[in-house]
Each structure stands twice: as structure tokens, then as C-alpha cells.
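# Per-entry structural report
Each chain is listed here by its residues.
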Amino acid sequence: MTTKATNIHPVFDRIIGRDEKEQFLNQKARVIWMTGLSGSGKTTIAIGLEQALQKRGFLTQILDGDNIRTGINKNLGFSEEDRTENIRRIAEVSKLFVNCGIITINCFVSPTLAIREQAKEIIGDDDFREIYINASYEQCEKRDVKGLYKKARNGEIKNFTGLDSPFEAPENAFLEIKTADMSIEESVKCLVDAILSHIKQA
């Protein structure tokens, strides 16, 4: 069992508060958490969303699965335990951005209900907006923008979500976007329209 550290002295009470930072930025911080299969369109929509929000004067930060795994989570694999730790770290980083008043746009497969519930608990229910980027395995495999589906079919990638590792669709997502039926531009507009009232200062 890990011994509890006795030399940690948080200074949260002396740091400029979130309310003041949100007022300074003239926005409400939220985590826009996009979940869906690899290749469903999460990152492309996130980039479009960031650009659309910047034009409206909002400050954002995108956290993307591949980018995170080249840095803070580069020591993690794709076992169930590592996936859970991957999301835990991401949620903690997201919480720091929210406390700084920044709208955080997350793009992570985050394949199970439990793993996304863990993220919501860390970030806080009021600040968590789950967006389901819905595209079937067949649609994503046909796109195969990163060549991952071919590698998974050939056995080069183990624990691939949707093939030999499960994906559990959200049951009560804030918004569902079906990318087989909508263009990128339509998807971005739909998302902007849905979240604007949640990130605007009163």
C-alpha cells in the first residue's frame, strides 16, 4: 500500500479563482468531451469547433488522444488498466484548464460508460458536456484515415476498439452527431449552436 505523503501543502485557496478568470475571459469554462470510434471525425470536428469559437472571441484548448499519448501519457499502452489511467490523467488536466476559465475540447475514444463516468466525476457534472460522434465501425473502417483498421485486421494492433475491445455508446449524451449523415461544416454548426448558451457569460 502506498504511504500517504505528508509533505504536500496545496495552495488552492491563494490562487486567483475560476470566477475571476472567467470574467476576465468573458466566457464560461466547460469540457466538451467528444467520444466515438477512431476515424469517426472527433478531431476534425474539434478543430472546426475551435476555429468557430475563436472567431466569436472564445479561448479554447484541444486535447487530442494522439497528441496526449506523445507527451503526458506516452508511457501508457492500451490495456484496460492503461486506458483507465489515460482518461484519469486527461480528466485531471481538463479540470485544471476549466479552473483557468478555458473551454476545453477533448477528442478521445474513451470507449466505456465507466471510463467516461470517471472523467465526469473528476471534472464535475456541471462542467462536462458529452458529445457522441456517431459513426459505425464499418464507416470508420472504410475511411481508415490513419491506416489503423487495416493494421487491426492484420493482427498488428491488439485491443482495438470496436474489433476486439468494446465500445459502449453513450446513453445520455448532451449531443449526438452522426457523421455519416452530416458534413463537417454541418457537424460543427450543430455543435456550436448546442453549446453557445453554455459557454457565454450571462
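Heads up: the structure comes first, above all this text.
Residues numbered from 1 in each chain as written. Predicted model: local features only at pLDDT ≥ 70, side-chain atom pairs only at ≥ 80, totals over all residues. Heavy atoms only, no water.

Moving on, we come to the overall build of the protein chain. Counting its regular elements, the protein chain contains eight helices and five strands. Listing each helix as α and each strand as β along the protein chain from the N terminus yields α-β-α-β-α-α-β-α-β-α-α-β-α. Relative to the globule expectation of 17 Å for 202 residues, the C-alpha radius of gyration of the protein chain, 18 Å, shows essentially globular dimensions. With respect to the principal axes defined by its C-alpha atoms, the protein chain has extents near 55 × 50 × 30 Å. A burial count over the protein chain gives 41% of its 202 residues as buried. Across the protein chain, every contact between residues at least 6 apart in sequence was considered, and the portion connecting residues at least 24 apart equals 76%. Of the roughly 11,600 Å² of accessible surface on the protein chain, a fraction of 50% belongs to carbon and sulfur atoms. (Helix = DSSP H or I, 4+ residues; strand = E, 2+ residues; numbered from the N terminus. Rg over C-alpha atoms; globule rule 2.2 N^0.38 Å. Buried < 20%, exposed > 50% of the residue type's maximum accessible area, 1.4 Å probe, protein only. Contact = heavy atoms within 4.5 Å. Areas by Shrake-Rupley, 256 points an atom, 1.4 Å probe, with all protein chains shown as cover.)

This part is about the sheet that holds strand E2 (residues 60-64). Strand order in the open sheet formed by five strands is E2-E3-E1-E4-E5, and the pairing between neighbours is parallel. What marks the edges here is a single partner per strand, and that holds for E2 and strand E5 (175-178). With strand direction ignored, the average angle separating the axes of adjacent strands in the sheet is 20°. For E2 and strand E3 (residues 103-107), the ladder comprises five bridges, and the chain directions are parallel. Each residue of the ladder has a partner; that of Thr 60, found in E3, is Ile 103. The sheet contacts of helix H2 (residues 42-55) involve strand E1 (31-35), E2, E3, strand E4 (128-134) and E5, and relative to E2 the element is tilted by about 170°. (Pairing = 2+ DSSP bridges. Axes fitted to C-alpha atoms, helices over the stretch in contact; angles between N-to-C directions.)

Before going further, it helps to spend a moment on the packing of H2 against helix H8 (residues 184-199). Look at H2 against H8: their axes get within 9 Å of each other, and the N-to-C directions meet at 55°. The orientation of H2 with respect to H8, classified from their angle, is oblique. Seen along the crossing, H2 lies across H8 with a hand that is right-handed. Where H2 abuts H8, its residues Thr 44, Ile 45, Gly 48, Leu 49, Ala 52 and Leu 53 lie against Ile 184, Ser 187, Val 188, Leu 191, Val 192, Ile 195, Leu 196 and Ile 199. Here the residues of the contact of H2 with H8 sort into 11 nonpolar, three polar and no charged. (Parallel < 35°, antiparallel > 145°, perpendicular 65-115°, else oblique. Left-handed = near helix turned anticlockwise from the far one by under 90°. Nonpolar A, V, L, I, M, F, W, Y, C, P; charged D, E, K, R; others polar.)

What follows covers the packing of helix H4 (residues 80-99) against helix H5 (residues 113-123). Running from N to C, H4 and H5 cross one another at 25°; their axes reach a closest spacing of 9 Å. Taken together, the axes of H4 and H5 are roughly parallel relative to one another. Judged by the twist between their axes, the crossing of H4 over H5 is right-handed. Facing H4, whose interface residues are Arg 83, Thr 84, Ile 87, Arg 88, Ala 91, Glu 92, Ser 94 and Lys 95, H5 presents Ile 115, Gln 118, Ala 119, Ile 122 and Ile 123. Each residue belonging to the contact of H4 with H5 can be placed in one class, and the counts come to six nonpolar, three polar and four charged.

Before going further, it helps to examine the environment of Ile 122. Checked against the element boundaries, Ile 122 lands in helix H5. Among residues more than four places away in sequence, those in contact with Ile 122 are Arg 88, Ala 91, Glu 92 and Lys 95.

Position of Ser 94 relative to the elements: it lies in helix H4. What Ser 94 contacts, discounting residues up to four positions off in sequence, is Val 31, Trp 33, Leu 63, Thr 104, Asn 106 and Ile 123.

In this section: H2. With 14 residues, H2 ought to run about 20 Å at 1.5 Å a step, and its terminal C-alpha atoms sit 20 Å apart, in line with that. Along H2, the residues classified as buried are Lys 42, Ile 45, Ala 46, Gly 48, Leu 49, Ala 52 and Leu 53. Each buried residue of H2 lies within a common arc of 165° when the element is viewed along its axis, so the set occupies one face. Exposed positions of H2 whose direction lies more than 90 degrees from the buried face are Gln 54 and Lys 55. Tucked inside the fold, the buried residues of H2 contact E1, E2, E3, E4, E5 and H8. Two residues or fewer after H2 comes Gly 57, characterised by a positive phi angle close to 95°. (Expected span 1.5 Å × (residues − 1). Arc of directions from axis to C-beta.)

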